[in-house]
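# Fold and contact review
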Amino acid sequence: MDFVLLAILGYVLMQLGIGAFISRRIKTEEDYLVAGRSLGYGLTTFTLFATWFGAETCIGAAGAVYSEGLSGGSADPFGYALCILLMGLVFAVPIWKRKLTTLADLFRQRYSTTVERTAIALMIPGSMFWAAAQIRAFGQVLSASSGIDVELTISIAAGIVIVYTMFGGLLADAWTDLVQGIVLIAGLGTLFFLVTGGQEEGITSLIRPEQLNLFGGPEVGWLEIVETWAIPIIGSVTAAELLTRAIAARSPQVARRSAFMAGGIYLVIGLIPVTIGLMGAALMPDLENPEQLLPLIAEHYLPPILYALFNGALISAILSTVDSVLLVAASLLSHNIIVPLRPDLSERQKVIIARASVATFGVLAYVMAVRAEGVYALVEEASAFGSAGLFVIIVCSLFIPWGGVYSAMTALLMGIGSWVLGAYILDAPYPFISSLLAAGGGYLLAALVETRIARAAG
């Protein structure tokens, strides 16, 4: 086990070294936040895949499928793979052509500074849920590898993540994502080969038929199915972490095609933890903590060298997601809030502010990770929190010419208000669908009012 921990430490130090080396090319805020808009097919594909393929896929989804069957993986990998494909099909090209630095720039261009800052207030909490999920999963991996208490390993993980993310911006992130993506595919592929190859009676003998209903069985209503799938697809297709990768591509064609490739890779590789989760009930019955299924399976089936590779794969999934999430949150605070207040700042000062923002949000994510109930719960919260209103105004910003400031503000406030009311106060059965309808309906009604006022004034 000491060997595994040393291998994990060595892997993390290697990633820090890569990030530090590439970060020397960072001269401006644009270099730090969007890699100078220079990413080609390889970097864009792997940074899309690695950023989205995080702890919830490796740790959370395997545990959820272990407990609930195939329906536990509806969000991940199936929903999020569709999310990446949909982003490439619909949003990648128009968002690239806007020449944005952050997603919040779109709201200022289309509506106003007030809409921009209101949207930021909704976007940052979602990013913090994502970051907390990755930090918690990192702690789970370290705990499973060492036997150290989970809370302590979460603290260690948070420190590593914060330092790692502060080194370099999106360009360093993209290069390390390339390495992390390759390690991730190799690690999960090796585990899958050894686990399934060691079953004399085959995979199917370990999986019960009742586990294979993707939609949860006949007792699940269609509205519940729509709610379950809408959260990862609609709730995340316009996420800043995803769209920033499209913004950083060197052309709109690169942005779109890379998303298609990343979505396909995501689905194929994501099926590995899902399959192991289905087999897990037979291989390791009655686990007290299902989120540790994948690390425990790996420890049981892999020799030390390959187990170290597997842990490198898990850490790759985690680091590639958390650095992106913290970077997005930091960019929203630094570029859209702090820098406009100080227009005399130099490019170097802007980068320093962005790095300080990363550290601030890293500490906040750590606090959330310690207090959370589990990785999967954090991820679902990240996808749903405030995303209905954001989805509506992004779609309207890019594709619908009517509607102004009041329409956008109405959509944002109706979306988050409906979500909070349904999810936390009334405990309504379909809070995300309700918030999406409220946000869309609020935008349309406010746009009609704005149009009538404009006509009357004219």
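This one's a predicted model, so the numbers in the text were calculated from it and none came from an experiment.

Another point: the layout of surface pockets. Taking a probe equal in size to a water molecule and rolling it over the atoms shows the remaining empty space. Counted as a void, the second largest pocket has a volume near 160 Å³. Elements represented by at least two residues in the lining of the second largest pocket include exactly helix 1 (2–22), helix 7 (113–146) and helix 8 (150–167). The greatest single-element share of the lining of the second largest pocket, amounting to 4 residues, is contributed by helix 1. Each residue belonging to the lining of the second largest pocket can be placed in one class, and the counts come to 8 nonpolar, 2 polar and no charged.

Attention now goes to helix 19 (residues 431–457). Its 27 residues place the ends of helix 19 38 Å apart at the C-alpha level, agreeing with the 39 Å of an ideal helix rising 1.5 Å per residue. For helix 19, the complete set of buried residues consists of Pro431, Phe432, Ile433, Ser435, Leu436, Ala438, Ala439, Gly442, Tyr443, Ala446, Ala447 and Glu450.

Let us look at the pattern of salt bridges. On inspection of all chains with the given rule, the structure shows 6 salt bridges. One salt bridge in this structure joins Asp105 and Arg108, with 3.1 Å as the shortest N-O distance. Here Asp105 and its partner Arg108 are both found in helix 6 (residues 103–110), 3 residues apart, which amounts to about one turn of the helix. Taking the relative accessible area as the measure of exposure, Asp105 reaches 4% and is therefore buried. Residue Arg108 is classed as partly exposed on the basis of its relative accessible area of 35%. Its salt-bridge partner being Arg245, residue Asp173 comes within 2.4 Å of it at the nearest N-O pair. You can see Asp173 sitting in helix 9 (residues 170–197) and its partner Arg245 sitting in helix 11 (residues 240–248), a full 72 residues away along the chain. Beyond isolated ion pairs, a larger network of salt bridges with shared partners links Asp105, Arg108 and Glu116.

Taken as a whole and assessed by the stated rule, the structure comprises 7 aromatic pairs. Three or more aromatic residues joined by ring pairs form one cluster here, namely Phe46, Phe49, Phe53 and Tyr266.

Soluble globular proteins: nonpolar side chains tend toward being buried together. Core analysis: the biggest nonpolar cluster contains 143 residues, and Met87 and Phe107 have the highest contact counts within it. For Met87, the contacting residues outside a window of four places in its chain are Leu48, Ala92, Val237, Leu242, Leu243, Ala246 and Ala259.

Below, the discussion takes up the confidence of the model for the protein chain. Summing up the model confidence of the protein chain, the mean pLDDT is 85 and the portion of residues at 70 or higher is 92%. Mean pLDDT values for the elements of the protein chain range from 55 in helix 16 (residues 375–384) up to 95 in helix 6.

The subject of this paragraph is the environment of Leu170. Tracing the chain through its elements places Leu170 in helix 9. Taking C-alpha positions, Leu170 is 8.9 Å from Asp323, a pair spaced 153 residues apart along the chain. Setting aside chain neighbours within four positions, we find Leu170 in contact with Tyr32, Leu33, Val34, Ala35, Thr244, Arg245, Ala248 and Leu327.

Right, let's talk about the packing of helix 5 (residues 74–97) against helix 17 (residues 387–399) for a bit. Between helix 5 and helix 17, the least distance of the axes is 11 Å, while the angle of their chain directions is 60°. Put simply, helix 5 runs oblique to helix 17. The way helix 5 lies across helix 17 gives a crossing that is left-handed. Contact with helix 5, carried on its side by Val90, Phe91, Pro94 and Ile95, involves Phe391, Ile394, Val395, Leu398 and Phe399 of helix 17 and no other residues of that element. Taken together, the residues that form the contact of helix 5 with helix 17 break down as 9 nonpolar, no polar and no charged.

What follows covers a nonpolar patch on the surface. Side chains of Leu82, Leu85, Leu86, Leu89 and Phe260 sit close together on the surface and give an oily, nonpolar patch of about 390 Å² of accessible area. No other element matches helix 5, which puts 4 residues into the nonpolar patch. Counting through the fold element by element, Phe260 comes out in helix 12 (residues 252–283).

This next bit is on unusual backbone geometry. For Ala35, which is not a glycine, the phi torsion comes out positive at approximately 55°. Phi angles above zero are rare outside glycine, and Asp427 is one such case at about 55°. With respect to the helices and strands, the residue Asp427 is situated in the loop between helix 18 (405–425) and helix 19.

Looking now at the environment of Ile338. On the secondary structure map, Ile338 appears in helix 14 (residues 304–341). Judged by relative accessible area, Ile338 falls into the partly exposed class, the value being 29%. Apart from the residues within four sequence positions on either side, Ile338 is in contact with Leu333 and Ile353.

Between the first and last C-alpha of helix 10 (residues 222–237) there are 22 Å, a value that for 16 residues agrees with the 22 Å anticipated at 1.5 Å per step. Along helix 10, the residues that are buried comprise Glu227, Trp229, Ala230, Ile231, Pro232, Ile233, Gly235, Ser236 and Val237.

Another aspect to go through is the packing of helix 3 (residues 41–52) against helix 9. Relative to each other, helix 3 and helix 9 sit at 65°, their axes nearing to 8 Å. Both helix 3 and helix 9 take part in a crossing whose hand is left-handed. Listed contacts from helix 9 to Gly42, Leu43, Phe46, Thr47, Phe49, Ala50 and Thr51 of helix 3 are Ala174, Trp175, Asp177, Leu178, Gly181, Ile182, Leu184 and Ile185.

Moving on to the side chain of Asp323. Its location among the elements puts Asp323 in helix 14. Buried charged residue Asp323 carries no salt bridge. Nearest counter-charge: Arg245, at 5.2 Å. Reaching out from Asp323, the side chain makes a polar contact with the side chain of Ser324 at a distance of 3.3 Å. Leaving out residues up to four positions away in the same chain, Asp323 has contacts with Tyr164, Thr165, Asp173 and Thr176.

Reading the values: the criteria
- Residues numbered from 1 in each chain as written.
- Predicted model: local features only at pLDDT ≥ 70, side-chain atom pairs only at ≥ 80, totals over all residues.
- Heavy atoms only, no water.
- 1 Å grid on protein atoms, 1.4 Å probe; cavity = no way out; pocket = protein on both sides within 12 Å on 5 of 7 lines; lining within 4 Å.
- Points joined across faces, edges and corners; volume = space filled by probe spheres on them.
- Helix = DSSP H or I, 4+ residues; strand = E, 2+ residues; numbered from the N terminus.
- Nonpolar A, V, L, I, M, F, W, Y, C, P; charged D, E, K, R; others polar.
- Expected span 1.5 Å × (residues − 1).
- Buried < 20%, exposed > 50% of the residue type's maximum accessible area, 1.4 Å probe, protein only.
- Salt bridge = Lys/Arg side-chain N within 4 Å of Asp/Glu carboxyl O.
- Phe/Tyr/Trp six-rings, centres within 6.5 Å; stacked < 30°, edge-to-face > 60°.
- Core = buried A, V, L, I, M, F, W, Y, C linked by side-chain atoms within 4.5 Å.
- Contact = heavy atoms within 4.5 Å.
- pLDDT = per-residue confidence, 0-100.
- Axes fitted to C-alpha atoms, helices over the stretch in contact; angles between N-to-C directions.
- Parallel < 35°, antiparallel > 145°, perpendicular 65-115°, else oblique.
- Left-handed = near helix turned anticlockwise from the far one by under 90°.
- Patch = residues over 30% accessible without salt bridge, like charges linked within 9 Å, V, L, I, M, F, W, Y side chains within 5 Å.
- Areas by Shrake-Rupley, 256 points an atom, 1.4 Å probe, with all protein chains shown as cover.
- Lys, Arg positive; Asp, Glu negative; His and termini not counted.
- Polar contact = N/O pair within 3.5 Å; in protein donor to acceptor, adjacent residues only side chain to side chain.

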